[in-house]
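Now for the letters of each chain:
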Amino acid sequence: MCNFKTLYYASDGYLIMCNDCQHFQLAFQTTLLTMTAQDLHVFHTLVKENRAYNPFDTNPDRKTIYIPTPLEGYGMILNHKELEALFQLLETAEVNFKTASLLDLFKTA
């Protein structure tokens, strides 16, 4: 059974990590993904790239941004607001993960 550490939690989603198996679980709106650290890194990079390279749409509610996931044939289709929310989720979780990792270095055995 997994022993989860919460890296981010809000009304639009969460990112948690299992301390035992080192897998991550990402929930965002109606999507739930379980992935390895490498898969999460690639997914986070794709979100960053899409955020940087997709010009602002005159209709920000239109779902025009496709983000592939580690699952073959499965991706997320988002609008600009959703992309920004997912980006903020991933960025905050990454900072929290790095902070927790640094703090773990100072724990006494």
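Quick note: structure is the one above.
Residues numbered from 1 in each chain as written. Predicted model: local features only at pLDDT ≥ 70, side-chain atom pairs only at ≥ 80, totals over all residues. Heavy atoms only, no water.

## Side note on the layout of surface pockets
Here comes step 1: Its volume calculated, the largest pocket comes out at about 250 Å³.
Here comes step 2: By residue class, the composition of the lining of the largest pocket is eight nonpolar, three polar and three charged. (1 Å grid on protein atoms, 1.4 Å probe; cavity = no way out; pocket = protein on both sides within 12 Å on 5 of 7 lines; lining within 4 Å. Points joined across faces, edges and corners; volume = space filled by probe spheres on them. Nonpolar A, V, L, I, M, F, W, Y, C, P; charged D, E, K, R; others polar.)

## Description of the packing of aromatic side chains
Here comes step 1: Enumeration according to the criterion identifies two aromatic pairs in this entry.
Here comes step 2: Both rings, one in tyrosine 9 and one in tyrosine 14, keep their centres 6.1 Å apart while their planes meet at 20 degrees; by these two values the pair is stacked.
Here comes step 3: Their ring planes at 70 degrees and their centres at 5.9 Å tell us that phenylalanine 24 and phenylalanine 97 sit as a pair that is edge-to-face. Of the two residues, phenylalanine 24 is situated in strand β3 (residues 24–28) and phenylalanine 97 in helix α2 (residues 80–105); the sequence distance between them amounts to 73 residues.
Here comes step 4: What makes phenylalanine 24 buried here is its relative accessible area of 6%.
Here comes step 5: Assessed through its relative accessible area of 29%, phenylalanine 97 is described here as partly exposed. (Phe/Tyr/Trp six-rings, centres within 6.5 Å; stacked < 30°, edge-to-face > 60°. Helix = DSSP H or I, 4+ residues; strand = E, 2+ residues; numbered from the N terminus. Buried < 20%, exposed > 50% of the residue type's maximum accessible area, 1.4 Å probe, protein only.)

## Focus on the nonpolar core
Here comes step 1: In terms of nonpolar packing, the biggest core is built from 22 residues, with Leu15, Leu26, Phe43, Val47, Ile67, Leu86 and Leu90 touching the most fellow members.
Here comes step 2: Mapped onto this core, the elements with two or more residues apiece are β1 (4–10), β2 (13–18), β3, β4 (31–35), α1 (37–53), β5 (65–68), β6 (75–78) and α2.
Here comes step 3: Counting residues per element, this core draws most heavily on α2, at six residues. (Core = buried A, V, L, I, M, F, W, Y, C linked by side-chain atoms within 4.5 Å.)

## Remarks on the packing of α1 against α2
Here comes step 1: Closest axis-to-axis distance for the α1/α2 pair is 10 Å, and the angle between their directions is 135 degrees. Relative to α2, the element α1 lies oblique. Here α1 and α2 pass one another in a crossing that is left-handed. Residues Leu40, Phe43, His44, Val47, Lys48, Asn50 and Arg51 of α1 pack against Leu83, Glu84, Leu86, Phe87, Gln88, Leu90, Glu91 and Glu94 of α2. (Axes fitted to C-alpha atoms, helices over the stretch in contact; angles between N-to-C directions. Parallel < 35°, antiparallel > 145°, perpendicular 65-115°, else oblique. Left-handed = near helix turned anticlockwise from the far one by under 90°. Contact = heavy atoms within 4.5 Å.)

By themselves, these are just geometric observations and shouldn't be taken as functional.
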